[in-house]
Amino acid sequence: MTSAPAKHAHYFADFQSLVQGPWTDAPAWLQDLRDNGWSKFSETGFPTARRGNERWKYTNVGPIAKIDFSLAGQPIAANGSKALVPDYKGPGTAAFDLVYVDGYYSVELSSPSTGSDGVTVASLASATADSNASIESQLGRLAPPDNDGFAALNTAFLQDGAYVHVTDGHSEKVTVRISYITSHDAESKVTYPRTLIIAGRNTDITVVESYTGPTDVVYFTNAVAEISVGEGAKIDHYRLLLEGNKAFHVGTSRVNQEKDSSFSSASFTLGTSLARNDMEVLLDAPGAYCSLNGLYLTADNQHIDNLISIDHAKPHCTSRLNYKGILDGRSRAVFGGEVMVRRDAQKSDAEQTDKNLVLSKQSEVDSKPSLLIYADDVKCSHGATAGHIDADTLFYLRSRGLDLDAASRMLVHAFASEIIDTVKLEPLREYLDTLFTAAIPDKSLPVGNLK
Amino acid sequence: MTTASNNSKPLLTIKGLTAMAGELEILKGIDLEVFAGEVHAIMGPNGSGKSTLANVLAGRPDYTVTGGTVLFEGQDILKLEPEIRARLGLFLAFQYPLELPGVRAWQFLKAGVDAKRVHNGEEEMSAREFDQMLKAKVAEVQIDPDLVKRAVNEGFSGGEKKRNEILQMAVLEPKLALLDETDSGLDIDALRIVSDGVNLLRSPENAVILVTHYQRILNYITPNFVHVLYDGRIVQSGGPELAHELEEKGYDWIKDAVDAAV
């Protein structure tokens, strides 16, 4: 084991006390993985926005690094946090609920599946304790701790999270809600949710992965999700980042797609003081399709960073990347879209856009879509825009009787609805629509294109 | 000249209206009276100020009114926000209707109707009542019902957009409709449908100001009065026959007459 650098002493102390305490009887492979995570974290530490570090150019995680976040303890009663679970009606009987409070699986709030019919939906803590071979081979495979301080730290503290495994050929659609809640007792605490999703051949899974927490509590969520989409499988993935206004969130999602698989995601960000959404999708076999949509609404002093990468590693794959941002107050949004088309990936079809609606003079967006193309027979496009509400359009609405506020709210809502409408679960779509509608600022300025 | 209605008070009275776009003076003194039940055609060559007039009346912020008065039902409206004018019963059919991706026609129209009702101290319309009303209006102006289910004007053809303006007019039931070159860019079928819509909505209680470059639409909508706008002023007024004269002779004779008089 590596010694702790002085500046991460409190993380090391937490790590040590787990190793010497509850983790004494952990399976060797799991403890090796954690040790490797710690080793990598102590080497790399937290990333810095230094020159040449393109991945962190616009986002300074200093505010996270300088607080001594300690590991959240197991809550005494989880029921008190139930109100923080996203409040929409579940998608029906074929659905499973996994609920976590402060990083720990809540038996009271969850309805798991035992896996007898090819579906396993369980807490990672119990699944790893059962020494399950598929977990051993998959955990840390798509999101290794190398070169990424946050993923490394999550790996070092890996102990609970969600495990979803649908075995090959299970054709019935499976819907899983994974809700990570941080409680009111989590001031200066950190949680390390880990999500592992394995969609076997020709399976069909819908996953709603949500992160919520209380307002006015400073806490940190360092989440990692690994999602494996098997041949011919289909995953609809929703990521709801609805943390409290003082929260920090770094999410690392790694997706691997097999032949003819489909991965559709919609990521929603509202709230959170400083957030980073880092998603990478590897199109690893011909015929894979991914559609990644995102919506972020920022206000006050929020800083929201989305870094979305798509790797066309094999020919005949299609990717669609469409993110939208609404910025108000003194907030800042960062969008990095990286689409890579490798030399052998002929007939790749990739489109990416990031559009931003800027409602205040003090807010700022840094949008950087990029395409790296090494194949010659491809169809690729990218674009980014940042604009204000259009004055002519506003007048059109006002000339029909809508006042300035109602008109601008309608236009901001319309802007957001393109992404909200991609949500296929109706109750979730309505829930998000209500949530985002309520978050639209009352005064929507400035107005562009004034003649 | 006779008015088409017996109302003694004009619906709209414009006196000495002057307006600028940026540093440029566009309207140089417009006088016009419109009574309920009338259709006035405002014609003129490009750049004469006829679209500006329609937009200034509707309250478009791009223009600065520098003088004159506009009374609508006796009330000076020049200081009123465009939405207040709309709620009072003014409607501008746009020359280039805007596309509103993500705004459902239903939601858009209901917001307009409700804004007007609330302004008049009435309650908002129930969704059901509005549904029925909209359905009736769609049938009345013969618009494709599918257009109402889509986002407002998004991906519509030019003709569909203009028809949609007529539907909006039918739903909002204005007292004064300003049609800003609604005929431009329409093929003959669309022109007929749009004109039918306008004729259908004509009543002794409301009035229409029809701004157009061409006489063509006046074959379908017979105006009570035709005014020729040139260089920011109404230089000639007459009945429908004036439009035919313009069709035959073009605008040059008017320009020459005005320019010679200066």
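Keep in mind it's a predicted model, so treat the numbers as computed, not measured.

Colleague: Honestly, the interface of chain B and chain A in this entry has me stumped. Any pointers?
Modeller: A common measure of how large an interface is: the accessible area buried when the components associate. In this assembly, 21 residues from chain B lie in contact with 17 residues from chain A. Listed by contribution, the elements that provide at least two residues to the side of chain B that touches chain A are helix H2 (82-88), strand E7 (100-104), helix H3 (105-119) and helix H6 (158-172) of chain B.

Colleague: I'm lost on the nonpolar core in this one. Help?
Modeller: Within soluble globular proteins, side chains that are nonpolar generally end up buried alongside one another. Counting 202 residues, the largest nonpolar core has Val176, Val207 and Val281 of chain A together with Phe91, Leu178, Ile209 and Leu210 of chain B as its most contacted members. Sorting elements by how many residues they give to this core places helix H8 (residues 404-420) of chain A first, with nine residues.

Colleague: Looking at this structure, how should I read the sheet that holds strand E9 (residues 176-180) of chain B?
Modeller: In a beta sheet, neighbouring strands pair by backbone hydrogen bonds and run either parallel or antiparallel. All names here are of chain B. The strand order across the open sheet formed by six strands is E6-E9-E10-E3-E11-E12, and the pairing between neighbours is mixed. Edge positions in the sheet fall to strand E6 (90-93) and strand E12 (233-238), since each has one partner strand and no second. Taking each pair of neighbouring strands and ignoring which way they run, the sheet shows an average axis angle of 20°. Here four bridges tie E6 to E9, and the two strands are oriented parallel to one another. Bridge pairing in E9 links leucine 92 to leucine 178. Packing against the sheet, helix H1 (residues 50-58) makes contact with strand E3 (39-43), E6, E9, strand E10 (207-212) and strand E11 (225-230), and its axis sits at approximately 145° to E9.

Colleague: Honestly, the pairing of E3 of chain B in this entry has me stumped. Any pointers?
Modeller: A regular strand places its side chains on the two faces of the sheet in alternate fashion. Residue and element names in this part refer to chain B. Among the five residues that make up E3, five are buried, leaving the element largely enclosed by the rest of the structure. Going residue by residue along E3, you find Val39, Ala41 and Met43 tucked away on one face and His40 and Ile42 tucked away on the opposite face as well. The sheet contact formed by E3 and E10 spans five bridges and is parallel. Within E10, the residue paired with valine 39 across the bridge is valine 208. Taken together, the four bridges between E3 and E11 define a ladder with parallel strand orientation. What sits directly across from isoleucine 42, in E11, is histidine 227.

Colleague: I keep staring at the pairing of strand E6 (residues 174-181) of chain A and nothing clicks. Help me out?
Modeller: All names here are of chain A. Counting buried residues in E6 gives eight out of eight residues, a clear majority hidden from the surface. The sheet contact formed by strand E2 (residues 95-101) and E6 spans seven bridges and is parallel. Within E6, the position partnered with valine 99 by the bridge is serine 179.

Each value, and the rule that gives it
Residues numbered from 1 in each chain as written. Chains lettered and ligands numbered in written order. Predicted model: local features only at pLDDT ≥ 70, side-chain atom pairs only at ≥ 80, totals over all residues. Contact = placed C-beta atoms within 7 Å. Helix = DSSP H or I, 4+ residues; strand = E, 2+ residues; numbered from the N terminus. Core = buried A, V, L, I, M, F, W, Y, C linked by C-beta atoms within 7 Å. Buried ≥ 20, exposed ≤ 12 C-beta atoms within 10 Å, placed from the backbone. Pairing = 2+ DSSP bridges. Axes fitted to C-alpha atoms, helices over the stretch in contact; angles between N-to-C directions.

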